[in-house]
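Observations on the three-dimensional arrangement
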Amino acid sequence: AQPRTREAKPSRRRSADARTRRGRGREMSFGTPGAFGGGGGFGQPAQSPPGAFGAPSPTQPTQVPNPNNDFQVANPPNDGISSLSWSPVANFLVATAWDGDVYCYEVGNNGQAMPKASQKHQGPVLCSDWSHDGSAVFSGGCDNKAQKWDLATNTPTQVAQHDAPIKELCWIKEVNLLATGSWDKTLRYWDTRQPTPALQVQLPERCYALSCSHPLLVVGTAERHIQVYDLNNPNQPFKQLQSPLKYQTRTVAAFPDKSGYLVGSIEGRVAVQHVEDAQQSKNFTFKCHREQSDIYAVNDIKFHPTHGTFVTAGADGVFNFWDKDSKQRLKQMAKCNAPIPCGAFNRDGSIYAYAVSYDWSKGGQDPMAQTGQNNIFLHAVQESEVKPRPPAVRGRR
């Protein structure tokens, strides 16, 4: 597949109404009605059979391909999965989907995921994040709004508004503000108790990707613009530059140590970038998510919370673990039967959740757009997959 050379606003061939109708049949069966936690109370562990996470369960669903032998989440979204995010205080996983639904699952110590509750937007949902105390979930999408879902009361409240879809958002605990990036070419910061933004910053183009590791915030936009912000002075970018990659930006990820960021493109490449001029010699790019002459998008990048290594998820249906400091791939996983649009580590990095779901990279005419399944898997992370390695020694021949 040749990479796209023209940037285009993501489009959907089927109407949102048609896509929503397809998902309604399973809405009432999701989770347990009533307060979040279904009787156990928020934060109380689910009752599940004994067994350590990472040991396959005899009740594991087997009806879909699972080449990495990971745990399959029951009751997955009915439509394309757009984001995954974990609670920072417990093993609760949120998934958002193109049919407008936001789902929350509780993951037990044995790897079983129990659906707990769901909420709905008036359009496709594109992004999600958690409050720092794990009490609320933020979500945004094509209804041009961001919602705050209070889990204790199971109540959603609108907390942000844009003039076009909200593509990315993140909760910044250090300043208690929600940052939202939109296709209306603005970046807005919200005190969620107020109806108007605390600050609005103009972007050069539509927001496609956003990542924050306070005080570093990085935005990738259409036309390959990269905006780097120091949140000690958020009114203007600390740096403005063009992506070092030649094709459209799909994802960005700020370094945990705040010294730089990663950029992933639709052309199967990742750029390792440093913020300070004195470290520019450390910048490099590398190829990934390619299969012979076929080139696939890098859909998502996430850093491991402990080791500082990272994982890339691609439209080729593969996720890879990498060490940027030693410039090595730590592990390549087996190829899934559909693209991986998103993934996320839990709070201690012991679980990597990933979606296997059509990413619409080939439009609505692809058979997978009509027949493809949407699934979430939980991978028990091994230390050998994410622990940094010393640089490879290259000797003379």
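Scroll up to find the structure.
Quick summary incoming for the structure in this document. (Residues numbered from 1 in each chain as written. Predicted model: local features only at pLDDT ≥ 70, side-chain atom pairs only at ≥ 80, totals over all residues. Heavy atoms only, no water.)

**Quick look at the overall build of the protein chain**
Across its full length, the protein chain holds three helices and 30 strands. Taken over 397 residues, the protein chain has a buried fraction of 57%. Sequence-distant contacts in the protein chain: of pairs separated by 6 or more residues, those separated by 24 or more amount to 50%. As presented, the protein chain carries roughly 17600 Å² of accessible surface, and 47% of it is formed by carbon and sulfur atoms. (Helix = DSSP H or I, 4+ residues; strand = E, 2+ residues; numbered from the N terminus. Buried < 20%, exposed > 50% of the residue type's maximum accessible area, 1.4 Å probe, protein only. Contact = heavy atoms within 4.5 Å. Areas by Shrake-Rupley, 256 points an atom, 1.4 Å probe, with all protein chains shown as cover.)

**A look at the sheet that holds strand 19 (residues 260-265)**
Strand pairing within a sheet occurs via backbone hydrogen bonds; the two strands may be parallel or antiparallel. With antiparallel pairing, the four strands of this open sheet are ordered in space as 18-19-20-21. Each edge of the sheet is formed by a strand with only one pairing partner; in this case those strands are strand 18 (249-254) and strand 21 (284-287). Averaged over neighbouring strand pairs, the angle between their axes works out to 20° when direction is ignored. In terms of strand pairing, strand 18 meets strand 19 through five bridges, oriented antiparallel. By the bridge assignment for strand 19, T249 is matched with S265. (Pairing = 2+ DSSP bridges. Axes fitted to C-alpha atoms, helices over the stretch in contact; angles between N-to-C directions.)

**A short note on the environment of D143**
Its place among the elements puts D143 in the loop between strand 7 (136-141) and strand 8 (145-150). It is 5.0 Å that separates the C-alpha atoms of D143 and G123, two residues lying 20 residues apart in sequence. Filtering out sequence-adjacent residues up to four positions away, D143 remains in contact with H121, Q122 and G123.

**Section: unusual backbone geometry**
For the peptide bond that leads from H214 to P215, omega is 5°, which places it in the cis range. Considering the arrangement of structural elements, one finds P215 in the loop between strand 14 (207-213) and strand 15 (216-221). Of note in the backbone geometry, H289 takes a positive phi value of approximately 50° without being a glycine. Here H289 is to be found in the loop between strand 21 and strand 22 (290-291). The backbone of Q292 shows a phi angle near 55°, a positive value even though the residue is not glycine.

**A look at the sheet that holds strand 12 (residues 186-190)**
Spatial strand order, 10-11-12-13: four strands in an open sheet with antiparallel pairing. Every other strand in the sheet has two partners, leaving strand 10 (166-172) and strand 13 (199-202) as the edge strands with one partner each. This sheet shows a mean twist of 15° between the axes of neighbouring strands, independent of strand direction. Taken together, the four bridges between strand 12 and strand 13 define a ladder with antiparallel strand orientation. Along strand 13, the bridge assignment pairs T186 with Q202.

**A short note on the packing of aromatic side chains**
Scanning the model with the defined rule gives 16 aromatic pairs in all. With a centroid separation of 5.3 Å and an interplanar angle of 50°, the aromatic rings of Y358 and W360 are classed as tilted. Taken as a pair, Y358 and W360 share a single burial class, namely buried. An aromatic cluster is present here, built from F255, F284, F286, F303, F310 and W322 joined pairwise through their rings. Above the plane of the ring of F255 lies K324, whose end atom (NZ or CZ) is 4.3 Å from the centre. Directly above the aromatic system of F284 lies the positively charged group of K327, at a separation of 4.6 Å from the ring centroid. (Phe/Tyr/Trp six-rings, centres within 6.5 Å; stacked < 30°, edge-to-face > 60°. Lys NZ or Arg CZ within 6 Å of the ring centre and 35° of its normal.)

**Details of the pattern of salt bridges**
Overall, the coordinates contain 16 salt bridges when judged by the stated rule. Of the charged contacts in the structure, one is a salt bridge between R206 and E205, with a shortest N-O distance of 3.1 Å. For R206, a relative accessible area of 13% gives the class buried. With relative accessibility at 13%, the residue E205 sits in the buried group. Here K335 makes a salt bridge to E291, at a shortest N to O gap of 3.3 Å. You can see K335 sitting in the loop between strand 27 (328-332) and strand 28 (343-345) and its partner E291 sitting in strand 22, a full 44 residues away along the chain. Note on K335: relative accessible area 40%, which makes it partly exposed. What makes E291 partly exposed here is its relative accessible area of 38%. One network of salt bridges, in which partners are shared, links D163, D184 and R188. (Salt bridge = Lys/Arg side-chain N within 4 Å of Asp/Glu carboxyl O.)

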